[in-house]
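# Inside the fold
What follows is each chain in one-letter form.
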Amino acid sequence: MESYYNPSDLAKFGEIAEEAPEMAKKFFDYYGTVFAEGELSEREKALIALAVAHSVQCPYCIDAYTTACLEKGSNQAEMTEAVHVACAIRGGASLVHGVQMMNRCKKVSM
Amino acid sequence: MRSFQDTLHHHGLHLVREVTSTLQINTGFRCNLACKHCHLDAGPARQEVMTRATMEEVLSFVRRNSFKLADITGGAPELVPDIAYLLDGLSLQVERVLFRSNLTLLTRGEYAALLEQLVAGKVAIAASFPSTNKKQADAQRGSGVWESSVKALKELNRLGYGKAGTGLELFLVANPAGAFLPVEQSRAEQRYKSELAAKWGIAFTNLYTFANMPLGRFRAWLERSGNLQPYMAKLAAGFNPATVAGLMCRSLISVSWDGFLYDCDFNLAAGLYHSGRRLHLSEVDTIGKGIPIISADHCYGCTAGAGFT
């Protein structure tokens, strides 16, 4: 069945360098640096990435960072909590805009 | 996927035996558990256990060689009737003895004499403890196993195992709970140490992390779950040529419950005999250097990433 998303496409990510190699190199170098052990551990960074992946709803990233989290030693309970963090921020971001709605209502209502 | 032998050839590597300093003794496939990651398909229904006659042949083989370490594994070695005899014989002939335990039997009353023997002989214990998370561990090893393991570790600590200055070493062994690679060993050890100490007051000597081998019951699960091809591809893609020099098979020889020789316990599971011939240890005088190690695609499990030796 044809689909816009194909799991095997993730392995082709590097091919993005074909038309713009310099930009791709800078991006992938930067990407590698971001996920290296630093003030945050690789495990913590993978959990953040997993949460963000759910927030931006990227199936490639969800696949990749689910495995990465497991291989960095996180368990499913921790990963589920990370997804809830993404959900809370994403849901909260919608809800807090309700203040704008209320402001506008006040402005135009008698 | 390129075969393991082709990959070695591509990197100009030769997998040959160095000085053999470890004898791994697989005392049989009988086990009270049937862990999903088991490469041997060990379990309660298996009847294969090492007899006293084979133990005598093992001890004679040990006398003809100069092993520094005897590594006793199974199945569950606790379930081997003459295990005390084997332990006694080995303790007299090798510098160190390592006893692998699944932690669910060793501290039970009926094994008190065996445990006493291990303590008295300062036999090191390597215990399976795949995850600090109960759900993950039980998913792999069976319901209730995690809790019995924690209880057993506390008891081993009480006897001095894993405590500095006692000479009683307690190693934990962690395998991933699925078709993914293990956590990098030193980081996993740090986390295990702090978490086990903080939550349950448990101490241990070192942690070893190993990849699950695509053999036995684990392979059957990989096939059933559609994970075999991607898992093999992941192991092969992670091939690290730097690991080959330090692979355990270069310095270890494995003997099965019935006395046949293999280059490692994984080759034993795969039925790949040492030197490519069905050799009983009674037919072999000493294990020499330079003998090619028999390899197959499951060997990618020991060469992925930082390697698992």
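Residues numbered from 1 in each chain as written. Chains lettered and ligands numbered in written order. Predicted model: local features only at pLDDT ≥ 70, side-chain atom pairs only at ≥ 80, totals over all residues. Heavy atoms only, no water.

Turning our eyes to something else, we now look at the overall build of chain B. A tally of helices and strands in chain B yields eleven helices and eight strands. Compactness check: chain B gives a C-alpha radius of gyration of 19 Å against a globular reference of 19 Å for 309 residues, within 12% of the reference. Reported as C-alpha extents along the three principal axes, the dimensions of chain B are approximately 50 × 40 × 40 Å. Put simply, chain B has 309 residues, and 53% of those count as buried. By sequence separation, contacts in chain B at least 24 residues apart represent 73% of the contacts at least 6 residues apart. Accessible area of chain B: about 12900 Å², with a carbon and sulfur share of 52%. Of the charged side chains in chain B, 32 are positive and 27 negative, and the gap between their average positions amounts to 6 Å. (Helix = DSSP H or I, 4+ residues; strand = E, 2+ residues; numbered from the N terminus. Rg over C-alpha atoms; globule rule 2.2 N^0.38 Å. Buried < 20%, exposed > 50% of the residue type's maximum accessible area, 1.4 Å probe, protein only. Contact = heavy atoms within 4.5 Å. Areas by Shrake-Rupley, 256 points an atom, 1.4 Å probe, with all protein chains shown as cover. Lys, Arg positive; Asp, Glu negative; His and termini not counted. Charge placed at Lys NZ, Arg CZ, Asp CG, Glu CD.)

Attention now goes to the interface of chain A and chain B. With twelve residues of chain A at the interface, the matching set in chain B holds eleven residues. Between chain A and chain B lies a buried interface of about 920 Å² when both sides are counted; carbon and sulfur atoms form 44% of it. For chain A, the biggest contributors to the area lost against chain B are L70, E71 and N75 of chain A; these three give 52% of the whole. Counting the contacts that link chain A with chain B gives four salt bridges. The interface formed by chain A and chain B holds six residue pairs in polar contact (both at pLDDT 80 or more) in total. Of all elements in the fold, only α2 (42-55), α3 (59-71) and α4 (76-96) of chain A reach the threshold of two or more residues within the side of chain A that touches chain B. Of the residues forming the side of chain A that touches chain B, the biggest block, three residues, is contributed by α3 of chain A. Here the side of chain A that touches chain B is built from residues that sort into one nonpolar, five polar and six charged. (Buried area = accessible area lost by both parts, 1.4 Å probe. Salt bridge = Lys/Arg side-chain N within 4 Å of Asp/Glu carboxyl O. Polar contact = N/O pair within 3.5 Å; in protein donor to acceptor, adjacent residues only side chain to side chain. Nonpolar A, V, L, I, M, F, W, Y, C, P; charged D, E, K, R; others polar.)

Moving on to the sheet that holds strand β1 (residues 22-26) of chain B. Residues and elements named next belong to chain B. With mixed pairing, the eight strands of this open sheet are ordered in space as β6-β5-β4-β3-β2-β1-β7-β8. This sheet does not close on itself; its edge strands, each paired only once, are β6 (206-209) and β8 (261-262). Bridge analysis of strand β3 (residues 96-101) against strand β4 (residues 124-128) gives four bridges, and the strand direction is parallel. Directly across from F99, in β4, lies its bridge partner I125. The sheet strands contacting helix α7 (residues 185-200) are β5 (170-174) and β6, and the helix crosses β6 at an angle near 130 degrees. (Pairing = 2+ DSSP bridges. Axes fitted to C-alpha atoms, helices over the stretch in contact; angles between N-to-C directions.)

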